[in-house]
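Structural overview for review
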Amino acid sequence: MQYDPNSKRIKGREALAKYRKAIQEKQKWEGEYPMGEGELNRDGNPKTPPGQRLVTNWPVLDLGVLPEMPMEHWSLTVTGLVKHEKTYTWEDFMALPQTEDTSDFHCVTSWSRLDNHWKGVKFAEIAKQSEVLPNAKYVFFKAYDGYSTNLPLEEAMKDDVMLVHEWEGKPLSKEHGAPLRMITPQLYAWKGAKWIGEIIFREKDELGFWELRGYSNTAEPWLNDRYS
Ligand SMILES: Nc1nc2c(c(=O)[nH]1)N[C@H]1C(S)=C(S)[C@@H](COP(=O)(O)O)O[C@H]1N2
Ligand SMILES: [Mo]
């Protein structure tokens, strides 16, 4: 990934103004946030994590920057503490072992969408291809809109963490992160970068976009773990 915040792709100043707006909107919402119980199944067990409500549509949440992405320029780069650094073209990526999985999606703005059908490549497969070094403990993700997020390696290696390009049997739409995004079904969805371009394995943790702005670094929906 060639990401340069001053490049034309992200249009530096314009993007910053949009980020500011996205941040303001999220902060406004935080003040009004109703701390609900979550929805219950008929047996009285929760269907959703605390404070979440079910949706059947799929809302779009991002910084308001839709990155320009000609497929011939798209790449996914894997760097940092690995034996083999990699740059995948779309063709390279699609030649990796593909997996289908069904998992839930929890957004911190209080909606959950259950049983999403995904197709893509497990994050663990990417780690395996690059042969992650033993001193790598964290992963940092960069996206083509200037977004970033971070995970402990242990979280990223969970079986349901994937880089996906299909949702419900159809190619992922652009606003949901096409051509490729991450999903982290056991954590709030801000841990899954849309328009992912770079994966960096690190020894030390570094906070991403929302983590720097007060969101929880651990981000566990079932613990109502929203803010740091
Ligand atoms: N590149 C990028 N990825 C992102 C974001 C973003 O702004 N840019 N927003 C995050 C947040 S806060 C959420 S809740 C989910 C929303 O994904 P969706 O728009 O597909 O519902 O994407 C996450 N990944
Ligand atoms: Mo979010």
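So, the overall build of the protein chain
In terms of helices and strands, the protein chain carries four helices and eleven strands. Counting the 228 residues in the protein chain, one finds 47% classified as buried. About 11500 Å² of surface is accessible on the protein chain, with carbon and sulfur atoms providing 50% of the total.

Here we look at the side chain of Glu155
Secondary-structure assignment places Glu155 in helix H4 (residues 153-156). On the basis of relative accessibility, which here comes to 18%, the residue Glu155 falls in the buried class. Engagement of the side chain of Glu155 in a polar contact is seen with the side chain of Lys158, the distance being 3.1 Å. If near-sequence neighbours (up to four positions away) are discounted, Glu155 is found in contact with Val161 and Leu187.

Some words on the site of ligand 1
If you check the shell around ligand 1, you find 22 residues, and the closest are Pro59, Asp145, His176, Arg181 and Lys194. At 3.1 Å, a backbone N or O of Leu63 approaches an oxygen atom of ligand 1. Contact distances for ligand 1 include 2.6 Å between an oxygen atom and a side-chain N or O atom of His176. Looking at the shell around ligand 1 residue by residue, the class counts come to 15 nonpolar, two polar and five charged.

A short note on the confidence of the model for the protein chain
Looking at the protein chain, pLDDT values average 89 and 87% of them are 70 or higher. Segment residues 3-11 is flagged for pLDDT under 50; beyond a separation of four residues in sequence, or across chains, it makes 15 contacts in the model.

A look at the pairing of strand S5 (residues 111-122)
In this structure, strand S1 (residues 53-54) lies alongside S5, joined through two bridges in parallel fashion. Bridge pairing links Arg53 to Trp111 in S5. As paired strands, strand S4 (residues 99-106) and S5 are joined by seven bridges and run antiparallel to one another. Considered in S5, the bridge of Glu100 is made with Lys119. The loop that links S4 with its antiparallel partner S5 comprises four residues; one of these, Ser110, has a positive phi angle of about 90°. Judged from the five bridges that link them, S5 and strand S8 (residues 162-167) form a sheet pairing that is antiparallel. Pairing of Lys122 across the sheet is with Met162, part of S8.

Reading guide: rules and limits
- Residues numbered from 1 in each chain as written.
- Chains lettered and ligands numbered in written order.
- Predicted model: local features only at pLDDT ≥ 70, side-chain atom pairs only at ≥ 80, totals over all residues.
- Heavy atoms only, no water.
- Helix = DSSP H or I, 4+ residues; strand = E, 2+ residues; numbered from the N terminus.
- Buried < 20%, exposed > 50% of the residue type's maximum accessible area, 1.4 Å probe, protein only.
- Areas by Shrake-Rupley, 256 points an atom, 1.4 Å probe, with all protein chains shown as cover.
- Polar contact = N/O pair within 3.5 Å; in protein donor to acceptor, adjacent residues only side chain to side chain.
- Contact = heavy atoms within 4.5 Å.
- Near = heavy atom within 4 Å.
- Nonpolar A, V, L, I, M, F, W, Y, C, P; charged D, E, K, R; others polar.
- pLDDT = per-residue confidence, 0-100.
- Pairing = 2+ DSSP bridges.

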